[in-house]
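# Working through the structure, step by step
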Amino acid sequence: MIVAEELYKSFKRVGASRRKPAHEQRIVAVNSVSFKADDGCITGLLGPNGAGKSTTLRMLATLVKPETGTASIDGYDVSKHVLQVRQHLGFMPHNAGIYPRLTARENIQYYARLCGLNRKDSLQRSGELIEQLTMTKFADRRANGFSQGQKTKVALARALVHRPQTIMLDEPTNGLDVMATRGLRDIIRQLAADGHCILFSSHIMQEVAALCDHIAIISDGIVAIEGSLNEILGRTGQTDLEDAFVSATQALSKGDDE
Amino acid sequence: MSLFIIMLKEIVDNLRDRQTVFYALLFGPVLLPLLLGGSLVASFKQLSIDFDQVTTLSVANTDKAPTLIEFLYSNNIDVIDAPANIQSSVRNGETLVVLEITEDFGQALRDGAPAPLTLHVNNADKDSVKAARRVNTILNVYEQTLSNLRLQHRGIDPSVFDSLNVVENDVSSEGANGQLLASILPFLFIMSMVMGGFYLAIDTTAGERERQSLEPLLSLPLSRTMVVMGKYAATVCFVLLSSLLTALSIYTLFKFFPVELMGGQVRFDGATVTHAFLLVSPLIPFISALLISVSAVTRSTKEAQTYLGLLMVIPMAPFFLLQFLNIRSTLVSMPLPMLSQYQLLESAVLGDSIPTLHIILSVVGTLGATAILLWLAARLYQREKLLD
Ligand SMILES: Nc1ncnc2c1ncn2[C@@H]1O[C@H](COP(=O)(O)OP(=O)(O)OP(=O)(O)O)[C@@H](O)[C@H]1O
Ligand SMILES: [Mg+2]
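Residues numbered from 1 in each chain as written. Chains lettered and ligands numbered in written order. Predicted model: local features only at pLDDT ≥ 70, side-chain atom pairs only at ≥ 80, totals over all residues. Heavy atoms only, no water.

Attention now moves to the site of ligand 1. Residues in close proximity to ligand 1 total 13 residues, the closest being G50, K53, S54 and T55 of chain A together with D388 of chain B. Ligand 1 is flanked by residues contributed from chains A and B. One nitrogen or oxygen atom from the side chain of N49 of chain A is found 3.0 Å from an oxygen atom belonging to ligand 1. In the model, an oxygen atom of ligand 1 is placed 2.7 Å from a nitrogen or oxygen of the G50 of chain A main chain. Summarising the interface, the protein chains cover 70% of the accessible area of ligand 1, which totals 630 Å² for the free molecule. Contributing elements (two or more residues each) for the shell around ligand 1: β2 (26-37) and α1 (53-60) of chain A. Here the shell around ligand 1 takes 3 residues from α1 of chain A, the largest share from any one element. For the shell around ligand 1, the class distribution of residues is 5 nonpolar, 5 polar and 3 charged. (Near = heavy atom within 4 Å. Polar contact = N/O pair within 3.5 Å; in protein donor to acceptor, adjacent residues only side chain to side chain. Areas by Shrake-Rupley, 256 points an atom, 1.4 Å probe, with all protein chains shown as cover. Helix = DSSP H or I, 4+ residues; strand = E, 2+ residues; numbered from the N terminus. Nonpolar A, V, L, I, M, F, W, Y, C, P; charged D, E, K, R; others polar.)

Right, here's the structure in full:
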């Protein structure tokens, strides 16, 4: 389970002149992000490029510290109980980031060992994941030259290797073809059915609409609206997610102007 | 434990990289010693003259100076007749040097006047110069003998003319050649250590950032310090392996090195090489730490190579500094990493005694600097900017 409350994060603007006022020297990546993602649910973080999705996930994954606001994973505070959070969390970042000179199996085993599995268990666990994610064909090939879909599978397997309760995927369907996307969706649905909490970010409306039980729309670092698809449509008075998205973000910028 | 897992993975990963393996196991330990040692042997061979070795000398008008010819012969020089055209023969390199005895040589000798001799030499040709040096040396001795005879003939003690008697006393254990050789040893060791860890350090830090595999790695339940130390341990293994191989190849190479050429006691037996390796070994953790902390700052392998390329000047700096400035070992230079190892190794190869205090200072100074660098590397890995 993920709970985020009023997360805020800014970065130093590279090349900013020092004479400018302090607030102009920083880029606010995440302004005010609050949402909840339940166990057994697929939660989608929907937002355009630069909305702050990746930054939010990085804060939840304890890779960067929120400046203000709090968040917890399965009850562990991301700023205070870093190691427990990481133990309960499987994170697949935007880029697969797998090691090209290791085979798919070795890539998975490496992470299994680092998560504390012994040699025998890590062998068994990576074998399991290779079956589960249908990677048998390329499991013992070096990752150099893997297709995008193959890379994503390896990265997903690595994120799942320590059986985390909560799983976060940053734009996992990026670069995948129709069949691979469908395969990934099935895997995600299965994981949710097994009781895992799944948070995934995307900028594709249809995908979020098709897959998610719960949606948080983020724009300019602010979560504009949160709820199930029907709730969001009802509250914005629209009939499809795209229109709901536009109206929610417009309401947000109007609120800014006043 | 996770340190060990990371170390093992990085070693396996990098052993599959041809570039890393080439530089760590072949370039530093084998090619560099061969290149440097080989050219050194060649240059010594060229410079040194073996007066015991019989050689031939072309002489024009041999009949004009029979005593001189006999003297040359007694100094291991077989006289042969000069070619018809002396000048062009020497210029073309057909003959190295030609000694021309002039027509009036005998007459001048009998008159007690300076007897003219011409030595044709090609100064552009090293072999010709070397041959001329040998002939000149022998002629000088001959001249000395003649002068002494002339003076004694007139009843004068020849030593009257020796107003100065300069005796050169070389106090170093070895001559200049040994010195050069002694400073090449630490150079080889340090270069091979740097080359050994260079690509692995870059690949495991900057390379990991570039491949974007650092982000998922750091989200695993282990501390970032553990991650850096694992990478550091892998670098140490490569540097250690590379320097051990270097010790082995130096030992093998200098087994075939003509020690007499260097004029005496410089020794490269197993004991000396082992001693040298032990003295230089504190640099293994030091250089690894240096490589890791510098490449931890960089974003890409290219940037890391640029920085570390500049850093390569450091192992060469003491080499040139000591060549030209002749800085002596002092208590101040001993705690300085690299410089102290250069000086200690020089002394070790030359057979000079090394004070225990110097060794202690060198080890403590180098390991202290290592600790600081490691602390720095760990700090660098805590930055959020690491993921940019
Ligand atoms: N390390 C950083 N330094 C400076 N600015 C940053 C940094 N990380 C993110 N930003 C800025 O913060 C904002 C949000 O970035 P973020 O990557 O979170 O967006 P995103 O929603 O993931 O976008 P995308 O869909 O393109 O992946 C952007 O304007 C980005 O330029
Ligand atoms: Mg993103």
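Overall, the predicted model of chain A reaches an average pLDDT of 91, with 97% of residues at or above 70. Averaged pLDDT values for the elements of chain A fall to 78 in helix α9 (residues 241-257) of chain A and rise to 96 in helix α3 (residues 104-114) of chain A. (pLDDT = per-residue confidence, 0-100.)

Our focus in this paragraph is the nonpolar core. Grouped together as the largest cluster of nonpolar side chains are 153 residues, with contacts concentrated most on F35 and L60 of chain A. No other element matches helix α7 (residues 176-204) of chain B, which puts 16 residues into this core. Once residues within four sequence positions are removed from consideration, L60 of chain A is found in contact with I2, L7, F35, A71, I73, V78, V85, L89, M168 and L199 of chain A. Core analysis: the second largest hydrophobic core is formed by 18 residues, I69, F71, L99 and I138 of chain B among them. (Core = buried A, V, L, I, M, F, W, Y, C linked by side-chain atoms within 4.5 Å. Buried < 20%, exposed > 50% of the residue type's maximum accessible area, 1.4 Å probe, protein only. Contact = heavy atoms within 4.5 Å.)

Turning to the interface of chain B and chain A, a few remarks are in order. Tallying the contact residues gives 25 residues for chain B and 29 residues for chain A. Both faces combined, the contact of chain B with chain A buries some 2,800 Å², and carbon together with sulfur accounts for 56% of it. Of all residues in chain B, the largest losses of buried area upon contact with chain A belong to R16, P221 and E384 of chain B, amounting jointly to 24% of the total for that side. Of the charged contacts, one joins R101 of chain A and D203 of chain B as a salt bridge, the two residues approaching to 2.9 Å between their closest N and O atoms. (Buried area = accessible area lost by both parts, 1.4 Å probe. Salt bridge = Lys/Arg side-chain N within 4 Å of Asp/Glu carboxyl O.)

Right, let's talk about empty space enclosed by the protein for a bit. Considering all chains together, one arrives at 3 cavities of 30 Å³ or more under this definition. The computed volume of the largest cavity comes to approximately 80 Å³. F91, Y111, R158 and A159 of chain A together with L220 of chain B are, among the 15 residues lining the largest cavity, the residues nearest its centre. A total of 4 residues in the lining of the largest cavity trace back to one element, the largest contributor, which is strand β6 (residues 89-92) of chain A. Per-class residue counts for the lining of the largest cavity are 10 nonpolar, 3 polar and 2 charged. (1 Å grid on protein atoms, 1.4 Å probe; cavity = no way out; pocket = protein on both sides within 12 Å on 5 of 7 lines; lining within 4 Å. Points joined across faces, edges and corners; volume = space filled by probe spheres on them.)

Under the defined criterion, the tally for this structure stands at 10 aromatic pairs over all chains. With centroids separated by 6.0 Å and ring planes inclined at 65 degrees, the aromatic side chains of Y110 of chain A and Y111 of chain A adopt a geometry described as edge-to-face. The class for Y110 of chain A is buried, based on a relative accessible area of 4%. Given the relative accessible area of 2%, Y111 of chain A is considered buried. For the pair F71 of chain B and Y142 of chain B, a centre-to-centre distance of 4.9 Å together with 40 degrees between the ring planes defines the contact as tilted. On the criterion of sequence distance, the pair formed by F71 of chain B in helix α3 (residues 66-74) and Y142 of chain B in helix α6 (residues 126-153) is long-range, its members being 71 residues apart. (Phe/Tyr/Trp six-rings, centres within 6.5 Å; stacked < 30°, edge-to-face > 60°.)

Turning next to helix α4 (residues 119-132) of chain A. All names here are of chain A. Taking 1.5 Å of rise per residue, the 14 residues of α4 would be expected to cover 20 Å, and the 20 Å separating its terminal C-alpha atoms lies within 8% of that figure. Considered for burial, the residues of α4 that qualify are S122, R125, S126, L129 and I130. In an axial view of α4, the angular spread of the buried residues amounts to 135 degrees, which keeps them on one side of the axis. Exposed side chains of α4 directed beyond 90 degrees from the buried face belong to K120, Q124 and E131. Elements in contact with the buried residues of α4: α3 and α5 (148-160). N-capping of α4 is provided by N118, with a side-chain oxygen placed 3.2 Å from the backbone N of K120. Once α4 finishes, T134 follows within two positions and takes phi at roughly 45 degrees, a positive value. (Expected span 1.5 Å × (residues − 1). Arc of directions from axis to C-beta.)

Here helix α16 (residues 356-382) of chain B is 27 residues long and its end C-alpha atoms lie 40 Å apart, about the 39 Å a rise of 1.5 Å per residue gives. Within the span of α16 of chain B, buried status applies to H358, S362, G365, T366, A369, T370, L373, L374, A377, A378, L380 and Y381 of chain B.

Once that is clear, we can look at the pairing of strand β7 (residues 166-170) of chain A. All names here are of chain A. Burial of β7 is extensive: 5 of the 5 residues sit out of reach of the surface. Every second residue of β7 is oriented toward a common face, with T166, M168 and D170 on one face and I167 and L169 on the other, all of them buried. With 5 bridges connecting them, β7 and strand β8 (residues 197-202) associate as parallel partners. Residue pairing across strands places L169 opposite F200, the latter belonging to β8. Once the chain exits β7 it traverses helix α6 (residues 178-193) before rejoining the sheet at β8, and the crossover so formed is right-handed. (Pairing = 2+ DSSP bridges. Right-handed = clockwise from strand over helix to strand, strands pointing away.)

Residue and element names in this part refer to chain B. Their axes nearest at 10 Å, the elements helix α15 (residues 339-350) and α16 cross at an angle of 150 degrees. As summarised for this structure, α15 and α16 are arranged roughly antiparallel, according to the angle between their axes. Viewed along their axes, α15 and α16 form a crossing whose handedness is left-handed. Side by side, α15 and α16 meet where S340, Q341 and L344 of the first sit next to H358, I359, S362 and T366 of the second. The class makeup of the residues in the contact of α15 with α16 is 2 nonpolar, 5 polar and no charged. (Axes fitted to C-alpha atoms, helices over the stretch in contact; angles between N-to-C directions. Parallel < 35°, antiparallel > 145°, perpendicular 65-115°, else oblique. Left-handed = near helix turned anticlockwise from the far one by under 90°.)

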